[in-house]
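# Architecture and fold: a report
One letter stands for each residue in the lines below.
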Amino acid sequence: MNTLVIVLIAAVALICAYAFYGRWLANKWGIDPNAKTPAVEKNDGKDYVPTNGWTVFSHQFSSIAGAGPVTGAIQAAAFGWLPVLLWVLLGGIFFGAVTDFGALYASVKNEGKSMGMLIEKYIGKLGRKLFLLFCWLFCLLVIAAFADMVAGTFNAYTVVDGAAVLSDAAQTNGAAGMVSIMFMLFAVVFGLIQRKFNLSGWKEAVVGILCIVASFAIGMVCPLTFNKEIWSYITFVYIFFAAVVPMWLLKQPRDYMTTFMFICMIAGAVIGLLVAHPTMNLPAFTGFHHDSLGDLFPILFVTVACGAVSGFHSLVSSGTSSKTVSNEKDMLKVGYGAMVLESMLAVLALCVAGAAAAADGTPAAGTPFQIFSRGVAGFFEMFGVPVYVATVFMTMCVSALALTSLDAVARIGRMSFQELFEVDDMEHAEPWRKVLCNVYFSTFITLALGFVLTKIGYSNIWPLFGSANQLLSALVLVTLCVFLKVTGRSNKMLFPPLIIMLCVTFTALVQRLIALVKAISAGSATFLVEGLQLIIAVLLIALGLTIVVNSLKSYAKSEKDSEKVKA
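Residues numbered from 1 in each chain as written. Predicted model: local features only at pLDDT ≥ 70, side-chain atom pairs only at ≥ 80, totals over all residues. Heavy atoms only, no water.

### Some thoughts on the overall build of the protein
If you tally the helices and strands in the protein, you get 21 helices and four strands. For the C-alpha atoms alone, the extent of the protein along its principal axes is close to 65 × 60 × 50 Å. Across the 567 residues of the protein, 60% fall into the buried class. Once local pairs closer than 6 in sequence are excluded, the contacts in the protein between residues at least 24 apart make up 85%. Taken as a whole, the protein presents about 21,200 Å² of accessible surface, with 67% of it coming from carbon and sulfur. With 36 positive and 31 negative side-chain charges, the protein shows a separation of 7 Å between the mean positions of the two kinds. (Helix = DSSP H or I, 4+ residues; strand = E, 2+ residues; numbered from the N terminus. Buried < 20%, exposed > 50% of the residue type's maximum accessible area, 1.4 Å probe, protein only. Contact = heavy atoms within 4.5 Å. Areas by Shrake-Rupley, 256 points an atom, 1.4 Å probe, with all protein chains shown as cover. Lys, Arg positive; Asp, Glu negative; His and termini not counted. Charge placed at Lys NZ, Arg CZ, Asp CG, Glu CD.)

In structure tokens form, the structure reads like this:
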């Protein structure tokens, strides 16, 4: 099939979903443009910051559009492009976007509370503690997987006959790495300028674009040829600062700048597919079983991950975005709109991979990131962009996909760790509790454990990440069901995705557990790889089951309309 047809079908489906289903949800639940949002009521200049709706959208999209939609869609294409396309569209419209929008909506309606605090309110304190522990473990997996991807993307060395030598892509990777560092520095400059002059509209866009151009100009002439280990250290230093400094100083300006890059990347992919309209060379369907991945159910769903539905998104919605929304009318485009755009990115990644495959259906060589970046860089070259510039730009873009999720999840992981040990009266709390809740200590311990997990490698972490991610979305859906019930709002649209995601995730986790046990029993396992995965898998299953049981009990006991007046 022609990839152009696939892209057009997907675009029409997603636009219609936003215009009709998204607006139907907003009308069903109720949006009050005159209500004071938490960002306005609790403005503290750090986490609660009233922000322009499109800037919040930029933050949400940049944070959630991580490595998942590219990596997941391309990996899952081993089952054929048709199952992936169907799940991305159906999952994105009826599962992912609903969950993201619901989490943002519930948080804004509850003083900007994070998902952990919402669970305490609607499920109970035990549910909150268990969820926060689950959330923190999940954040460790995300940090490890995405940090490993970023370090590998910028790595300038390869191993030849046991010795490390500069690779053919050393200059390109080094330039992209330097661009990333300049991007971080100019984001701070942009944030300070924005803070002082309160820019908006075209002025804000011009300054943001100038900062992007400056970052690329410096990065491409001053490449940093470091190995993977050094880039890993640099990545963790960056996300440490991103987790502790005020949102307006680094995270928001960087996300705003990154959105322009993502727009160029997506536009390049779309225009390239429109002009070249290559054939989808990947087979439509290869069967219900794949030798290396496993069975289509549940592996397809947990592999596609963020392109269709993601629990991580709800952490962003309730952890950061809900604290910056200045008007409730922006919630639809931030919550529902950002997710459908991410689904479109997953479709584009699938089409680029399909175009890059051989005529006989053999997938292109390389990692999903490499396949996607080479494919879109080729489209830019069609329009006269120099090969070096196009390659550096795309390498930077695909690494930015992971980096924008990394800095968000580092902050969320830090907050989850703090909330685990927080009490109402922290001023008179025990000294040990104050230490654990300290911003810098909680960030350090989170990132330190994430760094240890990078030794497993992202390819080994991805199955656990995907399963935990989808299970997290199911746990969020249970909480949203209770919230909507007690506030007198309709929640029936949440039951199908909730039931399906519970079946998918627990099946995937149990299968992974069995595979790990077999590997350890056969004596072909190591503690740092299979051993750590086994411990995390057991914890995820135990926590997930306990939270689900507690949540369902709370849902059954909750009284309909009991908070209707308050909400």
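### Quick look at the nonpolar core
Of all hydrophobic cores here, the largest spans 198 residues; its most connected members are Phe131, Phe146, Tyr336 and Phe372. Looking at this core element by element, the count peaks at 20 residues for helix 7 (residues 125-154). Apart from residues lying up to four places away in sequence, phenylalanine 131 is in contact with Met115, Gly116, Ile119, Leu315, Leu472, Leu475, Val476 and Ile547. (Core = buried A, V, L, I, M, F, W, Y, C linked by side-chain atoms within 4.5 Å.)

### As for the pattern of salt bridges
This model, assessed by the stated rule, comprises 10 salt bridges. Where glutamate 328 meets lysine 109, a salt bridge forms, and the shortest distance between an N and an O atom there is 3.1 Å. With glutamate 328 in the loop between helix 13 (311-319) and helix 14 (331-356) and lysine 109 in the loop between helix 5 (81-108) and helix 6 (115-122), the pair connects residues that are 219 residues apart, well separated along the chain. For lysine 109, a relative accessible area of 23% translates into the label partly exposed. Note that lysine 251 and aspartate 255 form a salt bridge whose closest N and O atoms lie 2.7 Å from each other. Remark: aspartate 255 and lysine 251 occur in helix 11 (residues 251-276); sequence separation between them is four residues, near one turn of the helix. Its relative accessible area of 2% is what places lysine 251 among the buried residues. By relative accessible area, aspartate 255 is classed as buried at 0%. (Salt bridge = Lys/Arg side-chain N within 4 Å of Asp/Glu carboxyl O.)

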